[in-house]
Every structure is written in C-alpha cells, then in structure tokens.
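Architecture and fold: a report
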Amino acid sequence: MTQHYLAIDGLRCAGCVSTVEKALANVPGVVEANVNFAEHTARVEGSARTDDLIKAVADAGYRASEVQDTADDDSEARQTAELAHYKKLLHKSWFALAVAIPALGFGFPAMLGRQMPHEWMQPASYGLMILTLAVILYSGRQFFIGAWKSFLTHNATMDTLIAVGIGAAWSYSAVATIAPGLFPAGTAEPFWDVIVVVIGLVVLGQALEMRARGRTSEAVQRLIGLRPKTARVVRDGKELDIPLAHVRVGDTVRVRPGEKIPVDGVIIEGHSSVDESMLTGEPMPQEKASGDEVTGGTLNKTGSFLLRATRVGRDTALSRIVEMVRQAQGAKPAIGKLADTIASYFVPVVLIIAVLTFMVWYNVADDFGMPQLSFAMVAAVTVLVIACPCALGLATPMSVMVGVGKAAEYGILIRNGNALQQAGKLTCVVLDKTGTVTQGKPAVSGVLTAPGWQENDVLKLAASLEAGSEHPLAEAVMAAARERGIAAGNVEQFQAVAGHGVQGVVEGQKVLLGNPRFMQVNHIDISALHTHAAELAEKGATPTYLAVDDKFAGIVALSDPIKEDSRAAIAKLRNLGLKVVMLTGDNRTTAQAVGSQVGIDEVFADVLPEDKDKKVNELRMRGEVVGMVGDGINDAPALARADVGFAIGTGTDVAIESADITLMSGSLYGVANAIAISRATVSNIQQNLFGAFIYNVLGIPIAAGILYPLFGLLLNPMIAGAAMAMSSVTVVSNAGRLRWFKP
Amino acid sequence: MSELIVTVAGLIMVALIIWWFWFSTPKAAHAEKDAAVEIAVKDGTYQPAVIEVKAGKPLNMNFLRHDATPCAEQVVFSRLGISAHLPLGRVQNIHLPALQPGTYEFTCQMGMYRGRLIAK
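Scoring rules and cut-offs
- Residues numbered from 1 in each chain as written.
- Chains lettered and ligands numbered in written order.
- Predicted model: local features only at pLDDT ≥ 70, side-chain atom pairs only at ≥ 80, totals over all residues.
- Heavy atoms only, no water.
- Helix = DSSP H or I, 4+ residues; strand = E, 2+ residues; numbered from the N terminus.
- Rg over C-alpha atoms; globule rule 2.2 N^0.38 Å.
- Contact = heavy atoms within 4.5 Å.
- Areas by Shrake-Rupley, 256 points an atom, 1.4 Å probe, with all protein chains shown as cover.
- Lys, Arg positive; Asp, Glu negative; His and termini not counted.
- Charge placed at Lys NZ, Arg CZ, Asp CG, Glu CD.
- Buried area = accessible area lost by both parts, 1.4 Å probe.
- Polar contact = N/O pair within 3.5 Å; in protein donor to acceptor, adjacent residues only side chain to side chain.
- Nonpolar A, V, L, I, M, F, W, Y, C, P; charged D, E, K, R; others polar.
- Core = buried A, V, L, I, M, F, W, Y, C linked by side-chain atoms within 4.5 Å.
- Buried < 20%, exposed > 50% of the residue type's maximum accessible area, 1.4 Å probe, protein only.
- Pairing = 2+ DSSP bridges.
- Axes fitted to C-alpha atoms, helices over the stretch in contact; angles between N-to-C directions.
- pLDDT = per-residue confidence, 0-100.
- Salt bridge = Lys/Arg side-chain N within 4 Å of Asp/Glu carboxyl O.
- Patch = residues over 30% accessible without salt bridge, like charges linked within 9 Å, V, L, I, M, F, W, Y side chains within 5 Å.
- Expected span 1.5 Å × (residues − 1).
- Arc of directions from axis to C-beta.
- Phe/Tyr/Trp six-rings, centres within 6.5 Å; stacked < 30°, edge-to-face > 60°.
- Lys NZ or Arg CZ within 6 Å of the ring centre and 35° of its normal.
- Bend = angle between axes of the 7 residues up to and from the residue.
- Parallel < 35°, antiparallel > 145°, perpendicular 65-115°, else oblique.
- Left-handed = near helix turned anticlockwise from the far one by under 90°.

Turning our eyes to something else, we now look at the overall build of chain B. Along the backbone of chain B there are one helix and ten strands. Helices and strands appear in chain B in the N-to-C order α-β-β-β-β-β-β-β-β-β-β. Relative to the globule expectation of 14 Å for 120 residues, the C-alpha radius of gyration of chain B, 18 Å, shows a markedly less compact shape. Structurally, chain B occupies a C-alpha span of about 60 × 35 × 25 Å along its principal axes. The long-range fraction of contacts in chain B, counting pairs at least 24 apart against all pairs at least 6 apart in sequence, stands at 55%. Of the roughly 5,500 Å² of accessible surface on chain B, 61% is carried by carbon and sulfur atoms. One way to put it: in chain B the 11 positive side-chain charges average out to a point 8 Å from where the 9 negative ones average out.

This paragraph deals with the overall build of chain A. A tally of regular secondary structure across chain A gives 26 helices and 26 strands. Over its C-alpha trace chain A gives a radius of gyration of 35 Å, far above what one expects of a compact globule, namely 27 Å for 743 residues. Counting only C-alpha atoms and orienting by the principal axes, one finds that chain A spans roughly 125 × 65 × 45 Å. When contacts within chain A are restricted to residue pairs at least 6 apart in sequence, long-range pairs at least 24 apart make up 68% of them. Of the roughly 30,900 Å² of accessible surface on chain A, a fraction of 57% belongs to carbon and sulfur atoms. In chain A, which carries 63 positive and 72 negative side-chain charges, the distance between the mean positions of the two groups comes to 5 Å.

Below, the discussion takes up the interface of chain A and chain B. Contacts between chain A and chain B engage 59 residues on the former and 44 residues on the latter. Here chain A and chain B share an interface that buries about 4,600 Å² over both sides, 60% of which is from carbon and sulfur atoms. Scanning the region where chain A abuts chain B turns up seven residue pairs in polar contact (both at pLDDT 80 or more). Every element with two or more residues in the side of chain A that touches chain B is listed here: β2 (30-36), α3 (75-111), α5 (141-152), α7 (192-216), α10 (317-329), α11 (337-364) and α13 (389-409) of chain A. Counting residues per element, the side of chain A that touches chain B draws most heavily on α11(A), at 13 residues. The residue makeup of the side of chain A that touches chain B, split by class, is 29 nonpolar, 16 polar and 14 charged.

Glancing now at the nonpolar core. Of all hydrophobic cores here, the largest spans 178 residues; its most connected members are A:F646, A:I661, B:M61, B:F63, B:F77, B:F106 and B:L117. When neighbours within four sequence positions are excluded, A:I661 is seen to be in contact with A:I412, A:L413, A:I414, A:A419, A:A423, A:V644, A:G645, A:F646, A:A647 and A:A674. Core analysis: the second largest hydrophobic core is formed by 21 residues, A:A462, A:A480, A:A481 and A:L546 among them.

Residue and element names in this part refer to chain B. A sheet is described by the order of its strands in space; here four strands give the open sequence β3-β2-β5-β8, paired in mixed fashion. For this open sheet the edge positions go to β3 (45-47) and β8 (91-96), each flanked by a neighbour on one side alone. Each adjacent strand pair in this sheet contributes to an overall mean axis angle of 25°, direction not counted. Both strand β2 (residues 37-42) and strand β5 (residues 59-65) contribute to a ladder of five bridges, which runs parallel. The residue bridging I39 from the neighbouring strand is F63, located in β5.

On to the side chain of B:D67. Locating B:D67 in the fold gives a position in the loop between β5 and β6 (74-77). Those residues in contact with B:D67, other than ones at most four positions away along the chain, are B:V41, B:K42, B:D43, B:G44, B:A72, B:L88 and B:Y113.

On to the confidence of the model for chain B, then. Residue and element names in this part refer to chain B. When the pLDDT values of chain B are averaged, the result is 87; 98% of them are 70 or greater. When pLDDT is averaged over each helix and strand of chain B, the minimum, 81, is found for strand β1 (residues 29-30) and the maximum, 93, for helix α1 (residues 2-23). Reported confidences for the modelled complex are a pTM of 0.77 and an ipTM of 0.86.

Take the sheet that holds strand β19 (residues 509-514) of chain A next. All names here are of chain A. Pairing within the open sheet is antiparallel, and its six strands lie in the order β16-β21-β20-β19-β18-β17. The open sheet is flanked by β16 (443-449) and β17 (491-497), the only strands paired with a single partner. The average undirected angle you get between the axes of adjacent strands in this sheet is 20°. Pairing between β16 and strand β21 (residues 551-559): six bridges, direction antiparallel. Pairing of T449 across the sheet is with G554, part of β21. In the packing of helix α19 (residues 530-538) onto the sheet, the strands contacted are β16, β20 (542-548) and β21, and the crossing angle to β21 comes to about 15°.

The next thing to look at is the pattern of salt bridges. Oppositely charged side chains can pair when the atoms bearing their charge come close. All names here are of chain A. In the structure shown here, the tally under the stated rule is 24 salt bridges over all chains. Two residues, R49 and D52, come together in a salt bridge whose shortest N-O distance is 3.3 Å. The network of salt bridges with shared partners includes R232, E239, D241 and R254.

A cluster of nonpolar side chains, A:Y345, A:V349, B:M1, B:L4, B:I5, B:V8, B:I12, B:L16, B:W19, B:W22 and B:F23, forms an exposed patch at the surface whose accessible area comes to about 1,200 Å². At the level of elements, α11 of chain A together with α1 of chain B are the ones that each hand at least two residues to the nonpolar patch. For the nonpolar patch, the element with the most residues is α1(B), which contributes eight residues.

Moving on, we get to helix α4 (residues 118-138) of chain A. Helical geometry note: an α-helix holds 3.6 residues per turn, so side chains three or four residues apart project in the same direction. All names here are of chain A. The first and last C-alpha atoms of α4 sit 30 Å apart over 21 residues, in line with the 30 Å expected at 1.5 Å per residue. Every buried residue of α4 is listed here: M121, S125, L128, M129, T132, V135 and I136. For α4, the buried positions fall inside an angular range of 135° around the axis, keeping them on one side. Residues of α4 that are exposed and point over 90 degrees away from its buried face: E119, P123 and I130.

Before going further, it helps to spend a moment on the packing of aromatic side chains. Inspection of every chain in the model, using the stated rule, returns 21 aromatic pairs over all chains. Ring geometry for B:Y46 versus B:Y113: centroids 5.6 Å apart, planes at 55°, classification tilted. With B:Y46 in strand β3 and B:Y113 in the loop between β9 (102-107) and β10 (114-119), this residue pair connects regions lying 67 residues apart in the sequence. Here B:Y46 and B:Y113 have matching classes, each one buried. Seen from their ring centres, B:F63 and B:F77 are 6.4 Å apart, and the 80° between their planes marks the pair as edge-to-face. A residue pair is termed long-range when its members are at least 10 positions apart, and B:F63 in strand β5 and B:F77 in strand β6 qualify at 14 residues. Cluster of aromatic residues (ring-pair linked, three or more members): A:W148, A:F151, B:W19, B:W20 and B:F21. For the cation-ring pair, A:R211 lies above A:Y86, with the distance from its terminal atom to the ring centre recorded as 4.5 Å. One cation-aromatic arrangement involves B:R79 over B:Y104; the distance from NZ or CZ to the ring centre is 4.2 Å.

To continue, consider the pairing of strand β5 (residues 230-235) of chain A. Residues and elements named next belong to chain A. Two elements, β5 and strand β6 (residues 238-243), share six bridges in a ladder whose sense is antiparallel. Bridging across to β6, R232 finds its partner in D241. Relative to strand β7 (residues 252-255), β5 runs antiparallel, the two being bridged by three bridges. Counted as the bridge partner of R232 is R254 from β7.

On to α13(A), then. Residue and element names in this part refer to chain A. An ideal rise of 1.5 Å per residue puts 30 Å on 21 residues; α13 measures up with 31 Å between its terminal C-alpha atoms. Bending of α13 peaks at approximately 40° at the position of A395, with proline P397 no more than four residues after it. Immediately beyond the C-terminal end of α13, within one or two residues, lies G411, with a positive phi of roughly 75°.

With that settled, consider the packing of helix α20 (residues 566-575) of chain A against helix α24 (residues 669-703) of chain A. Residues and elements named next belong to chain A. Direction vectors running N to C along α20 and α24 enclose 25°, while the axes themselves pass 8 Å from each other. Here α24 runs roughly parallel to α20, going by the angle between their axes. Between α20 and α24 lies a crossing whose hand is left-handed. Contact residues: A568, A569, K572 and L573 in α20; Y669, V671, A672, N673 and I675 in α24. Partitioning the contact of α20 with α24 into residue classes produces seven nonpolar, one polar and one charged.

Structure below.
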C-alpha cells in the first residue's frame, strides 16, 4: 500500500473537502483519502495510480498535482503563532496591571484603615468601574468566552473559575458603587483592584507558562530542524535545488560535504563518512559507500555522493521518529491517571466549595465582627482564583514531554507512557548475547579436525551446508571458506533444525553441523576433541560440530567479538542497582566466558530460541521486574513478555513494533540511559504531582478562610491570583529542569 | 432572614452544579455515515464536544485547531492509547479503530479541553 500526497486547488469550504474526499475514495484501489482543508492537500492511501487520483479530482471540479508531504513540519507556523499569542497575552497583562495602579490607589486608604473623602469616592469608583470593564473586555474576555462555551458543553475549566470569580467581584463592586444603599452602612466596599490584579497576573502567568512550555517540546523541534529545506536533485543531467517536498522516490540526489542528507536513500555513486549521532546517539561517523543506505537528516561529513531516494516525505525514518516521539509525548503513564481523574472533577468541586464558603461566611461573619456580604464575597472569590486545575493537569504531561524528548536526544525512542514509567522500576535486565553484548558479526576463529580429516575438507562441507542457511553464523563460515579459496559443494535435502543446527546431503554424504545437543540427538560421539572444544569455549568461542555419515569430522570455532563498550555499559547498569542476566543459545562454557569478560551476574546458556520468553517469565516469577534487551526480531516473544522490551542496534530503522523502547544505537549504554531518564522523569512527575496536590489541598481551605477563626488570617484574593498564576509556571519550569538531566 | 435566603439559594446552586456538570449530558452531534467527524478546537473547547458514532466501525476525526494556546496542541484518547499533535490552523486527521460500544473521552494533555465519543 502506498501513500500519495496531492496539492488541491480550488477548495473553498468544508463542503469542498468532502466532495474531493468522496471523489478520491471512489477511485478503485483507494483505501483511505483525507483532505487537509487548511493546507489544501490530500493524503491518499491505497494501490491507486496517481494519474487516476488527479483525474478524479479534476472530474469533481478541482485541480490536483502530486507533492510529497512533510506535514509534521509546522514548526515555523507554530513558532510565529505562538510568539504572536505570547505577545498578545503580555499586552493584555500589561494593560490590566496598568489599570491596577489607580485601582490599588483607590483601595489603599482602606488598607491603612482610613477613608477616602466621600466626594472623591463615588466618581473614582465610577471611573474604575468603567476601566475595569475595559480590562475585562480586553484582557479577560477569553476567560468568559471559554467559560461560557465550556458551560454549554457541561464542562468546567480554569476559565470557569476565573470568569465566575472576576464576574462575581465586578458585579458586587458595581452594585456597591451604583447602589451603596443596598448594603449595611460602611460595608459597600468595591474591590476593583482585585479584579484587575487577578486578571493581570493570571494572564501574565499564562504567558510565562506558554514560554516555558515552548521549551519542553524543543526536542521534537530539533528533530524537525534536522531536515534541510531543499534538496539538490539531478534531472535531465542538470543539478537543481528544489524544495524538499518535491523530491520523489527514485530521484537522484546530490549530497555535498557538510550538507544534511535530505531524504532516505541508497548511495549510487561516491563515498563519504556520515554523522548519524543526531538520530542514533552514536558518536562515531559511519563510513558509507555505493550500495549503503543513508538516512535523511544525518550529516554528510567528507565526500560528495549521489543517492537514489527510497523514502521521502512522511515515510522517511526521521518523519517516523518525529511521529513516534510525538505519540509518546502525548502518552500518559499510569502515575498520572489519578491526577487526571481528580482534574476531571476538580472545577465543579471548587465551584461548590466557593458557594459553600460564601454561604458559611454570610451566616457567621457577623460573629467575628466582619461585614457579612463583603467578607463572604472576598472569601468565595479567593477560593475561585486560588484553585489551579492547570498545575494538576500539567504535572504529568509536561514531564513526559521533556523526558521522552530527552530520551530521543540520546537515540532512545520510548513507545508509550507505561514503558517510560516501568523502565525506571526495573530490577533486572536480560541481555541477549549475540548482537547485544557482542557485535553480532561472528567470524571463524579456528578449525579443528577429528583424526583422518583435513581442515579444508571440514570447512568445505560446513560451508556447503551453510549456503542454504539464514543463520548469522552461516555467513561467517562461508566467508572463511571463500578466504581460503574453497568452493562450496551442492547441498540436497537441506534442513534447518531450530536451536540445534543444519543438515543435508553434500556430494552424496550425509552432513550434520550444529551444537553438541544436535550431535547427541543423532548419537554422534564428539569426545575426540572434547578438551580442545572446552578450551575454545573458555576463550568465548562457539564450537560448532561437523559430522559426516554419522561420524564426527571436526569443529568449526566461531567467535563473535564483544562490543567495545559492553563491559562499561553493564557496569553502569549494575551501578544503577540492576541485576544483569545474559541469555544465549550458546553452550555454558562459552556463555560463561563471555559473561565473565563483561561482568554479567547470571548466565542462562543453551536456551532454545522459543524458550527465551520462558526464561524471562521465570525471572518475573522470582519477583524481578524484567527488562529484556534484544534485536527485536528473533527475540520478539521475549521482548513482549518482559515488563519492558528494548530493541537494540536497529539504526534508524524504527519499524520494530515489538519493543517498548527502541535504541537506535547499538550500544548497551542506551539501556542504562533509558532507565536513568525514566527514573528522573518519574521522580519529576512525582515532584510536580506532590506540589500541585499540596498547593490545592492547602491553598483552597486557607482561601476559604479556615485560618480566620484561629489566627484572623484571610487571604487577599490578589495574592491568591498571583499564587495561582505561579503554580502552573512552577510545574512547567520544574519539568523543564529535566532538559538539563544527564544520564 | 437574608441568611436563610442565602443558605437556600446556596444549596440550590450546589445542586444545580452537581446536576449540570455530572448528571446531565449535552446534546450529542451525530457522525454522518462514512464522513469524517469535524471538530473545531476553539475557545477552550472541542466543538462539538459530544459525538455519537456507530460502534464497530472505524472512524475518522478531523481536528482543526484555532486556539494558539499550547494546551490545545495535543489531543489524547487515553482509553484507546492514541494521541496526536494538532497543528495550528490545519486539519489533523485521526483514524480511530472500530470502537466497542461505550464512552471514549478525548482531552487535551491537561484535561481541560474535554470531549466524548459515544459509540452505540
């Protein structure tokens, strides 16, 4: 199934969108067609031909042309819009705070226990009534619109709290100004200052929060920024710079030294070293030559080359990485679920508390010698403006956003929120040996022969059999034969016996090649070279046994070099308090040898591929929280069985679906880094949640006046508004601290 | 006397809040057959916020975000484990699998924008 992206001209309304979608959907082979009205593009999935799609759009009365989609790149539009919104919020805030100066001046004498001269009082209050209304209409309008729209959908948000609080305060103050006679003598005190200060501070808080939030998503912006804007495409023998969106699969693209590679492709001419660190975290540049794959977004260092584009637009590895990171950033780990549940009830509960606060103080304020209406009003408004659902709602997603982004910086792709949370709880990490601890590139390190056999004969028969095998060891045996100039013979009746070896008939002889278990099952005595085999295994090599016509013929020893940083990375895992276990199909001696070289705590040897997940389960039954690290293909069941599955060393090919966490570099450091980032993120979430809960749990009762009977303390609504504005800024800033975390 | 009036009015208001926000449901929009559901992200809300869809059929939702506030930039279907980035001013299509009968909430990351899909 392929995806087509079309630019559509002539779309005028949402109706046009459905007309074009239907026209496209009716083209045979189309599985799904979606039109993006704002962008005037269509995305079509299926096997239909582009020409047919363009014709269908034309028949519907519109014009279409093919483009390559890069719709994930809205960074410029987004930054412009966010900056404009930020500036608008600042203007709104400044206006409100400017009006706060005369408003505070109006309330100032009362604060000092004095009375403003009566002849000034009325006109000043009328003037402030108009000014504060202007503030509400300009600076605080969005609260009222949002509150009303939410109310109509039976929802209540932070807008609701602010709008009700401000609305009540303004209405009360207006009545106290216009008809002071309705109030008991001396109690008709408007509080214009509260209205403008609260609006000014809350809007300022939103602006600051927006600024801080912008930084939490910079990891994705950085990834998107890796993509160049143009590509140098060879067309009709000429090299042309064209927009990236116009590059098509099959195009020949020139990449010069120092340039970013624009799309995924295969080098067809030239060679160079390519820095892939921005995607994989692998610091060393990779040598690339004709026939090698290169990834869009990586940096060409030294040479100039031509590539044939194989994936463009949304299909590139970079676009898929961006999509995966965004998906994970939107995910909620279980730890945040309680906060979500509370947040969904929060605002109506605060509204109820505000009503009850008003009711109670109206009834009892007299007993404390306070004017009942204004005192009840101040307490209720303070409850409304101090409550901060935002801090609760932001606590988890902000940290997840930064944590997942941080992981992506290190070439770690976290698939979902639970993987992020669970990775930090792991107590045990299981490593697959081949390709995880070792390089996964085995080579023949020696050939031993049973009496009567020559090395070359043993190698020839082994290579003949392996020619039909897909096992990673097969390539090593064949390469060794080629090196010695040995031509492999024809194999008939080839059969691979999973977890044991391979067998077949070579030049009329029945040949078996495999592990001791395979020999044992076939009743072949391999004791002749037992001592030598043990020596090989103790050095970390894997002896593979060859039998010809049911008689032992020799051993082909295969060694898979250990990755340079495996030992240090395993030490780091142990420093994180994890037990490190290695799992392999190799014999015990070889496995123990490799295990002791890299510092493994426990080795499971002779494990059949289908039993890997059973071993993982065994560890889980022992009470361990298990992370399984493997290549994601052979180990899929074990990865799925583990609490967290890590697919390692997949480069930029992020197609692996079985793993919770994909490590783009082949280094085991990725596992340790992922665990460290997870722990830091979860701890950051806990701090945020704790802060947000405590803030609301303490703030709301204090605002309601619970301390007044004991200490005569009633919170000023302006301070409540400032606290509310700062609480969400604090949560976002605390999450932002994670950006500086170094695993 | 005024205390009694305030107390009674207060209790009535509490009852109304409980009823309006927790026990009454807004009128649901209906997804047209085979058409994508269009949702505007505007003024702090999803419009429409409640949508009735057919259970057992995959669904396309087109979100068009008007609000520049970063709160609106992600929509999360937590029960389905799906989330999507909503670019400003551009339609973002979200494809949902066939739903079992039930209610599926979709929210912004903070849970302030709230909507519901009711699969019947």
